[in-house]
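Each chain, letter by letter, is given below.
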Amino acid sequence: MTAPTTAPSEDNLKAALLALKADNPTLGVPKIHGLLTSAHPEWTVSEKRTRKVLQSAGLVQTSAASGAAPGQVFPTSRLIDGLDVARWTSKVEVHFFGKAKGKGLVAREAIPEGEVIWKEDPFVLAPEWEIYDMQMSSRACGHCSTLLTASALVVPCATSSSSTPCPVHFCSRLCLQRAGRAHPPLCASRNPASAPLLHFARRNQWMALHALAQATARVLAAHEADAQAFAEDWEAVRAMAQLGMEERAKGGWLSAEPDRAMWRRAHKLYVQAFREPATDAEKKRLAKLFKKPLPQDVVETLFEYEAFLQGLGRMSLNLEAHGGLYVLHSHLNHSCNPNVSVRHLDQRTALSRITLIARRPITPGEELLITYVNPDMPLEPRRRNLLEWGFGKCMCERCIVEEREKKERDEVEGENGEAAKENADLEAELKAGLGVM
């Protein structure tokens with residue numbers, strides 16, 4: 001007979017967590033939570049509660065940006081446990097730089113200019129809206145975004161029917177198979193409760209919300225299908241850099257005033273899509289799709305309102321420009337003078353698969369860096385744009401040089417201005433002394 005579990009008191013929980021953290025100072029919240037549940041099987045403690053206790057004790061790592069003001073909150077990230085970088089390339093490795101900077105990628109070997117470092121397919125794809133519209137009108141593959149032709153290889157969604165049609169088609173049976181990782185929970189036929197969420201994201205052109213729906217769909221589908229796949233996907237998502245919407249708003253990092261009413265509306269639709277559909281018919285459909293109960297800590301991390309805002313922030317920080325979310329790419333840090341370019345070169349998957357190319361020679365041990373903004377912009381516009389990523393003041397090598405040059409120019413202009421003013425005053429005095437008006 002299984003012994004009953006209870007929720008420990010705050011003092012007992014804190015004492016246990018402090019002891020575990022002292023013995024394992026490099027472990028993050030999920031692993032500390034795992035050790036806690038192993039050491040105290042008689043306790044019921046969610047990962048969220050574990051995080052709160054560790055945060056209150058100042059034991060959760062946070063990352064800070066250069067030029068940060070005291071008290072500012074910046075994106076946090078952690079290493080992906082067991083990540084096999086060799087799946088993509090043998091030329092780079094993951095490196096943790098410390099609390100201030102977090103994780104990144106460094107070269108394992110010399111990489112010449114112009115060399116392809118790796119290619120990567122998306123974890124999920126929330127494409128630009130014109131491509132999404134083509135997917136939803138059967139004109140582009142619902143998985144890889146390839147434009148569809150009148151080919152015998154094109155196949156419809158396997159569960160689409162005349163009574164509950166799904167408009168999504170795929171360029172091949174291979175893409176149909178691969179789409180099983182994320183499509184079913186968003187399929188209009190299998191889960192019609194997801195339609196209002198997708199319509200809301202499309203109507204408001206909210207790419208982060210669409211990406212969060214895609215990522216959640218993949219995680220839930222993996223949980224239903226395979227324990228190992230779920231563990232890997234869940235770990236990959238939670239390890240990505242994140243900064244919640246409230247933190248972004250308070251830090252002044254949103255380009256417009258935050259619309260909290262819209263956040264609430266989106267959260268309601270999100271919960272209805274994946275957890276609590278609005279009608280009995282939709283509930284029956286969802287019950288057929290998801291038969292395995294989710295662990296409570298997964299439910300909290302996905303569906304509580306604050307967790308939802310964290311998820312939106314995570315998507316905003318990690319989405320590539322065309323809407324893809326990539327596991328290895330998400331490790332790349334920013335520089336205004338990057339040494340790596342992200343390209344969309346493969347014609348078949350022009351908007352989904354990315355190719356990473358060296359912009360100049362990269363030496364062993366050198367960090368791989370991309371730019372988050374248009375590098376052709378001047379210093380101050382670049383820094384303003386970087387605020388959307390939760391940066392303080394960018395202090396990459398290029399910014400430092402340009403800031404110093406700007407300061408020197410301002411000083412020269414100031415001196416010239418003072419000299420011109422003195423000359424004008426002297427001229428005025430001479431004219432006055434000579435009676436010249």
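Note that the structure is predicted; figures quoted are calculated from it, not measured.

## A look at the packing of aromatic side chains
We describe a pair of aromatic rings using the distance from one ring centre to the other and the angle between the two ring planes.
Working step 1: A full pass over the atoms with the stated rule returns six aromatic pairs.
Working step 2: Their ring planes at 90 degrees and their centres at 5.5 Å tell us that Trp129 and Tyr132 sit as a pair that is edge-to-face. Taken together, the residues span about one helical turn, with Trp129 and Tyr132 both in helix α4 (residues 129-135) at a distance of three residues. Side by side, Trp129 and Tyr132 carry an identical accessibility label, which is buried.
Working step 3: By the ring-pair criterion, three or more aromatic residues cluster together here, those being Tyr270, Phe274, Phe303 and Phe308.
Working step 4: Over the face of the ring belonging to Phe123 we find Arg218, whose NZ or CZ atom lies 4.1 Å from the ring centre.
Working step 5: Residue placement shows Arg264 over the ring face of Tyr305; its charged tip is 3.6 Å from the ring centre.

## Some thoughts on the nonpolar core
When a protein is soluble and globular, its nonpolar side chains tend to lie buried together.
Working step 1: With 72 residues, the main nonpolar core has Ile117, Trp118, Leu209, Tyr270, Phe274, Phe303 and Leu368 as its most contacted residues.
Working step 2: The element that contributes the greatest number of residues to this core is helix α7 (residues 207-225), accounting for 11 residues.
Working step 3: For Leu368, the residues in contact, after removing those within four places along its chain, are Val92, Leu105, Val106, Ala107, Ile117, Trp118, Leu332, Asn333, Asn339, Val340 and Ile362.
Working step 4: In this structure, Cys144, Cys166, Ala179 and Cys187 belong to the second largest nonpolar core, which totals 12 residues.

## A look at the pattern of salt bridges
Working step 1: Enumeration over the complete set of coordinates arrives at 14 salt bridges.
Working step 2: Between Glu47 and Arg238 there is a salt bridge, with the nearest N and O atoms lying 2.6 Å from each other. A residue pair is termed long-range when its members are at least 10 positions apart, and Glu47 in helix α3 (residues 47-56) and Arg238 in helix α8 (residues 227-239) qualify at 191 residues.
Working step 3: For Asp121, the salt bridge goes to Arg353, with nearest N and O atoms at 2.8 Å. With Asp121 in the loop between β3 (116-120) and β4 (124-125) and Arg353 in the loop between β9 (340-343) and β10 (354-358), this residue pair connects regions lying 232 residues apart in the sequence.
Working step 4: You can call Asp121 partly exposed: its relative accessible area is 39%.
Working step 5: In the salt-bridge network here, residues are joined through shared partners; they are Glu47, Arg78, Glu235 and Arg238.

## Focus on helix α2 (residues 29-39)
Working step 1: By the burial criterion, the buried members of α2 are Val29, Pro30, Ile32, His33 and Leu36. One side of α2 holds all its buried residues, which, seen down the axis, span an arc of 160 degrees.

Quick notes on the rules
Residues numbered from 1 in each chain as written. Predicted model: local features only at pLDDT ≥ 70, side-chain atom pairs only at ≥ 80, totals over all residues. Heavy atoms only, no water. Phe/Tyr/Trp six-rings, centres within 6.5 Å; stacked < 30°, edge-to-face > 60°. Helix = DSSP H or I, 4+ residues; strand = E, 2+ residues; numbered from the N terminus. Buried < 20%, exposed > 50% of the residue type's maximum accessible area, 1.4 Å probe, protein only. Lys NZ or Arg CZ within 6 Å of the ring centre and 35° of its normal. Core = buried A, V, L, I, M, F, W, Y, C linked by side-chain atoms within 4.5 Å. Contact = heavy atoms within 4.5 Å. Salt bridge = Lys/Arg side-chain N within 4 Å of Asp/Glu carboxyl O. Arc of directions from axis to C-beta.

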